[in-house]
Amino acid sequence: MKYYVIAGEASGDLHGANLIKALKQEDAQADFRGFGGDLMQKEGAVLDKHCSELAFMGFVEVVANLGTIFKNMKLAKEAVLAYQPDALILIDFPGFNLKIAQFAKEKGIPVFFYISPKVWAWNQKRVLKIKKVVDHLFCILPFEVDFYKTWGMEVDYVGNPLMDAISAHKADKNFRKTHQLSEKPIIALLPGSRKMELKHVLPDMLAASDVFPDYECVLAGAPMLSQADYAPYLGDRKIKIITNATYDLLLNAEAALVTSGTATLETALLKCPEVVLYKGNMLSVAIARLLVNIKFISLVNLILDKQVVKELIQEDCNPAEIATQLGPLLSDTPQRAQMLTDYEALAKRVGPAGASERTAKLVQNYLRKSN
């Protein structure tokens, strides 16, 4: 079988790589091509475009980069057509991927969408388009199954692929020594994987961390960003930037400051208390507030349908408020204890590892039935 896989950002690259690995177990001769990152490439996918050149965050940023986005869509369509895959597998990244899904559907290529678009958050009528252009949808959040049922759509719940990555992780018992860290307790800083996130969130993150001189602040570097991307924000701070060891960092940290995104769920599943931060372009955030219809922005709170972790958004995302919320999580307090208890409930709700394997088996079964 030939599979064309499209992942548009770092988290999609991780899930894409794990799915490719699982598909190879089902079909040793499988061939992979697509848009993705280093992890997918490592698993044997030939990349037509690296995902570091794809992701734009926020309404205004998307509009400003429409020319680039349309060029990338044209490239994707041409590449899919040239490759003639047995299946197209789209991973999250809905604004882009649903356009490619429509194209593939018109060309008679089976379309599998792994990690549902977050249509429950805004513009729910997009479900009608998904029903038309996607053959099989695999959901990773438990509440999504009921949501799609209300729209008359049957989907497969496969569990959350983060559990695969976490269960496969082999902890570095000498993490501090490996990275030459001090004996001070650690505060983990996870500013995100996009340059735009660094610009909006990292300065406040760093200023808040200055309030805690008795802690060593360690920054989780994104694989797609270089040390030079972080340098303008650090000033004369002696902060270690550690890349490709985020899970070990979180396992060794007392608490974390995390930019909203997949990392908020990873942090919780690794049992590290956290404060969730989000700040963006003022106009983009204003538009989002008008359109988005959800109580929370972090996956932790959304899955448990209550505030487990504090979310500091836009004007609330400032050094003083961040420090105020972080302080109680750094010692043995009722807030920290309650958060860790809620994390246990979260892990049960998310379910066991094996999402990649379950998805791979379903893809294979659906393809066999259609042939």
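Scroll up a little and you will see the structure.
Calculation notes
- Residues numbered from 1 in each chain as written.
- Predicted model: local features only at pLDDT ≥ 70, side-chain atom pairs only at ≥ 80, totals over all residues.
- Heavy atoms only, no water.
- Helix = DSSP H or I, 4+ residues; strand = E, 2+ residues; numbered from the N terminus.
- Rg over C-alpha atoms; globule rule 2.2 N^0.38 Å.
- Buried < 20%, exposed > 50% of the residue type's maximum accessible area, 1.4 Å probe, protein only.
- Contact = heavy atoms within 4.5 Å.
- Areas by Shrake-Rupley, 256 points an atom, 1.4 Å probe, with all protein chains shown as cover.
- Lys, Arg positive; Asp, Glu negative; His and termini not counted.
- Charge placed at Lys NZ, Arg CZ, Asp CG, Glu CD.
- Salt bridge = Lys/Arg side-chain N within 4 Å of Asp/Glu carboxyl O.
- Pairing = 2+ DSSP bridges.
- Right-handed = clockwise from strand over helix to strand, strands pointing away.

**Student:** So what's going on with the overall build of the protein chain? Which residues, and what values?
**Tutor:** The helix and strand tally for the protein chain stands at 18 helices and 13 strands. Here the C-alpha atoms of the protein chain give a radius of gyration of 20 Å, agreeing with the 21 Å that 2.2 N^0.38 yields for 371 residues. Taking the principal axes of the C-alpha coordinates as reference, the protein chain spans close to 60 × 45 × 40 Å. Buried residues in the protein chain amount to 52% of all 371 residues. Counting contacts in the protein chain only where the partners sit at least 6 residues apart, residues at least 24 apart contribute 67% of the total. Split by element, the accessible area of the protein chain, about 16700 Å² in all, is 53% carbon and sulfur. Here the protein chain carries 43 positive and 42 negative side-chain charges, and the mean point of each set is 4 Å from the other.

**Student:** Mind laying out the pattern of salt bridges, listing which residues take part and the relevant values?
**Tutor:** A pair can form between side chains of opposite charge whenever their charged atoms are brought close. Applying the stated criterion across every chain, the model contains 13 salt bridges. Residue Arg194 pairs with Glu9 through a salt bridge whose shortest N-O separation is 2.3 Å. One end of the pair, Arg194, is in the loop between β8 (186–190) and α10 (195–209); the other, Glu9, is in the loop between β1 (2–7) and α1 (10–26), and 185 residues separate them in sequence. Here Asp229 and Lys195 are joined by a salt bridge, their closest N and O atoms 3.8 Å apart. Of the two residues, Asp229 is situated in helix α11 (residues 227–234) and Lys195 in helix α10; the sequence distance between them amounts to 34 residues. By relative accessible area, which is 54% here, Lys195 ends up exposed. When salt bridges that share partners are traced, they join Glu9, Arg194 and Glu197 into one network.

**Student:** Mind laying out the pairing of β1, listing which residues take part and the relevant values?
**Tutor:** Two faces make up the sheet, and in a regular strand the side chains alternate between them. By the criterion of burial, β1 is predominantly enclosed, with 5 of the 6 residues buried. Taken together, the 5 bridges between β1 and strand β2 (residues 31–36) define a ladder with parallel strand orientation. Following the sheet pairing, Tyr4 is matched in β2 by Arg33. Crossover β1 to β2 through α1 is right-handed. As defined by bridge partners, β1 adjoins strand β4 (residues 87–91) across 5 bridges and the pair is classed as parallel. Directly across from Val5, in β4, lies its bridge partner Ile89.

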